[in-house]
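# A closer look at the structure
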Amino acid sequence: MAECISKSQRVYMHLRQGILEGKYGPGYRFVLDRIARDEEVSPVPVREAVRLLEAEGLVTFQRNVGAVVSSIDKEDYAEVMESLAVLEGYATALARDYLSDDDLATAARINNEIRDRMTSAFDPRIVTDLNQRFHHTLTSACGNGRLIDLLEREWDRVTIVRRAQFVFTPTHSLRSVDEHAEIIAAIRAQASRNHIEELARQHKLRSLRDYITTDHSATDFSA
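Residues numbered from 1 in each chain as written. Predicted model: local features only at pLDDT ≥ 70, side-chain atom pairs only at ≥ 80, totals over all residues. Heavy atoms only, no water.

### Here we look at the nonpolar core
L84, I114, L138, C142, L151 and I187 are the most contacted members of the largest nonpolar core, which has 37 residues in total. Broken down by element, the residue count for this core peaks at nine residues, all from helix 4 (residues 74-95). Those residues in contact with L151, other than ones at most four positions away along the chain, are L84, L87, E88, A91 and T139. The next biggest cluster of nonpolar side chains, apart from the first, holds 19 residues, and it includes V11, I35, A49 and I160. (Core = buried A, V, L, I, M, F, W, Y, C linked by side-chain atoms within 4.5 Å. Buried < 20%, exposed > 50% of the residue type's maximum accessible area, 1.4 Å probe, protein only. Helix = DSSP H or I, 4+ residues; strand = E, 2+ residues; numbered from the N terminus. Contact = heavy atoms within 4.5 Å.)

Here it is in structure tokens:
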């Protein structure tokens, strides 16, 4: 039994990574027998792996089609960003008293790298990864493992949307970098938790408002 779980986890991690990296885009159909052959396993662990992906919302079963990578439309994106605004704001506020000087220096360094990427050698995937690292640095010290798990799942869904559907908007993203710096400064100054939570929450909601009110072919990779 343990061996079967190990195989299903291996297949799950491989497929999940492919989805997050954009190898399998929205609507991509998983042929379970082919995956089993490629992974050199029986169909059983493949089905288990796909069920795990379905539970995360990354895969959907369609009638007469089978398992396909989930599509995330504008409404889905808005819901994910609203959820992130609440979760990330609260986690950042909780982390205020536990973030070290080294943690804040790391966050500032990542933010400077994001800024550099905005003006030269821009790559949306790299900027998306750097942005996630920035927010993970600030939120991971909050001490609430369940909250971090929820955040990571929502971050993954945003990553899929941004890599599959959108292009870069320089003005919006440079504004986000300034907002990152403002959040770091508030934490260093030991501002109230309510203030820090509001800054982090509005940072996400501002990006969503920009998306709603501007061209839907563009979004902010650094929110």
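### A short note on the pairing of strand 3 (residues 66-69)
Sheet topology places strand 1 (residues 29-30) next to strand 3; two bridges connect them, and they run antiparallel. By the bridge assignment, R29 is partnered in strand 3 with V68. Pairing of strand 2 (residues 59-62) with strand 3, which is carried by four bridges, proceeds in the antiparallel orientation. Each residue of the ladder has a partner; that of Q62, found in strand 3, is G66. The hairpin turn running from strand 2 into strand 3, its antiparallel successor, is three residues long, and N64 in that turn takes a positive phi close to 65 degrees. (Pairing = 2+ DSSP bridges.)

### Thoughts on the side chain of D156
Inspection of the secondary structure assignment puts D156 in helix 7 (residues 145-165). Excluding its chain neighbours within four sequence positions, the residues that come into contact with D156 are R16, L20 and Q132.

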